[in-house]
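The residues making up each chain are set out below.
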Amino acid sequence: SILLLQLPFFAASQTGSDFVPQKPAYPRLLNDENAYAYYHKDWRRLEDKLINHQKRTGNQLVIVTIPSLQGNAIEAIALQIFRSWGIGDKETNTGLLVLIARKEKQIKIETGYGLEGQVTDLASGNIIRNILEPGLAEYDFQLPPARKDKGYLPALERTIDTLISLKGEVSKKAIH
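Thresholds applied
- Residues numbered from 1 in each chain as written.
- Predicted model: local features only at pLDDT ≥ 70, side-chain atom pairs only at ≥ 80, totals over all residues.
- Heavy atoms only, no water.
- Helix = DSSP H or I, 4+ residues; strand = E, 2+ residues; numbered from the N terminus.
- Buried < 20%, exposed > 50% of the residue type's maximum accessible area, 1.4 Å probe, protein only.
- Contact = heavy atoms within 4.5 Å.
- Areas by Shrake-Rupley, 256 points an atom, 1.4 Å probe, with all protein chains shown as cover.
- Pairing = 2+ DSSP bridges.
- Axes fitted to C-alpha atoms, helices over the stretch in contact; angles between N-to-C directions.
- Salt bridge = Lys/Arg side-chain N within 4 Å of Asp/Glu carboxyl O.

Colleague: Would you mind showing me how to read the overall build of the protein here?
Modeller: What the protein contains, in helices and strands, is five helices and five strands. The linear arrangement of helices and strands in the protein, starting from the amino end, is β-β-α-α-β-α-β-β-α-α. The buried share of the protein, taken over its 176 residues, is 50%. Of the contacts made within the protein by residues no fewer than 6 positions apart, 67% connect residues no fewer than 24 positions apart. Roughly 8800 Å² of accessible area belongs to the protein as shown, and the carbon and sulfur atoms make up 50% of that amount.

Structure follows, in structure tokens:
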């Protein structure tokens, strides 16, 4: 199954020095006050796209936005979210997490073993550098957004489209 989650207003739990948001009891596919309030039609379209992909493939894509890393490494938080939320099918391990830290504007893509052939480290790095980072640089997460066609949500949509279309190694040239 595919989930697209934005979690700026969900409670967080502390486990030692690691900051990991709790898995929502009833997640919506896109749960972000910016996306819902100001991009409602786009929000709905992305949700439908992810639902359809979920039905076709069984792969689970989760995009989580947290307010801050609170001094923790994004890699550690991503891995803990991936494991504690149980992202992806246990049998096929076809989950994928895109974690975005708003304050630091850091991004991490964590891939289950079952998708590593499709979403390689090279492809993940290219998606981050060429789609997500430029989109986040153009957007300051303020309400209302200055331009709905720039920044955060359009970058998420391009990321989703790219991840859905991956069949193997993707060059930098293919993602721009």
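Colleague: What exactly am I supposed to notice about the environment of Ile77 here?
Modeller: Here Ile77 is to be found in helix α3 (residues 74–84). Residue Ile77 is classed as buried on the basis of its relative accessible area of 0%. With 22 residues separating them along the chain, Ile77 and Leu99 place their C-alpha atoms 8.5 Å apart.

Colleague: Can you walk me through the sheet that holds strand β5 (residues 106–111) in this structure?
Modeller: Pairing between sheet strands relies on hydrogen bonds along the backbone, with the strands arranged either parallel or antiparallel. Spatially, β3-β4-β5 is the arrangement adopted by the three strands of the open sheet, whose pairing is mixed. Looking at the sheet topology across the chains shown, the edges are occupied by β3 (60–66) and β5. Averaged over all pairs of adjacent strands, the angle between their axes in this sheet comes to 10 degrees, without regard to strand direction. Sheet topology note: the β3/strand β4 (residues 95–101) ladder contains seven bridges and is parallel. Bridge pairing in β4 links Val62 to Leu97. With respect to the sheet, α3 is in contact with β3, β4 and β5, its orientation differing from that of β4 by roughly 140 degrees. Lying over the sheet, helix α5 (residues 152–165) contacts β3 and β4, oriented at roughly 155 degrees with respect to β3.

Colleague: Before we go on, may I ask you to explain the side chain of Thr159 in this structure?
Modeller: Note on placement: Thr159 falls in helix α5. Beyond its immediate stretch of four places on either side in the chain, Thr159 contacts Ile127, Ile131 and Leu132.

Colleague: Could you clarify how one ought to interpret the pattern of salt bridges in this entry?
Modeller: When their charged atoms lie close together, side chains carrying opposite charge are able to pair. Counted under the stated rule, the structure contains three salt bridges. Between Glu157 and Arg45 there is a salt bridge, with the nearest N and O atoms lying 2.1 Å from each other. Taken as a pair, Glu157 in helix α5 and Arg45 in helix α2 (residues 40–57) lie far apart in primary sequence, 112 residues in all. Judged by its relative accessible area of 35%, Arg45 falls in the partly exposed class. The salt bridge partner of Asp161 is Lys49, with a shortest N-O separation of 2.6 Å. Of this pair, Asp161 sits in helix α5 while Lys49 sits in helix α2, and the two are 112 residues apart along the sequence. Judged by relative accessible area, Asp161 falls into the partly exposed class, the value being 33%. Classification of Lys49 by relative accessible area gives partly exposed; the value is 22%. Linked through salt bridges whose partners overlap, the residues forming this network are Arg45, Lys49, Glu157 and Asp161.

Colleague: Any chance you could explain the pairing of β5 here in plain terms?
Modeller: Two faces belong to every sheet, and in a regular strand the side chains alternate between them. By the bridge criterion, six bridges tie β4 to β5 in an arrangement that is antiparallel. Bridging from a neighbouring strand, Leu97 pairs with Glu110 of β5. Here β4 folds back onto β5, and the loop between the two strands holds four residues, one of which, Lys105, carries a positive phi near 50 degrees.

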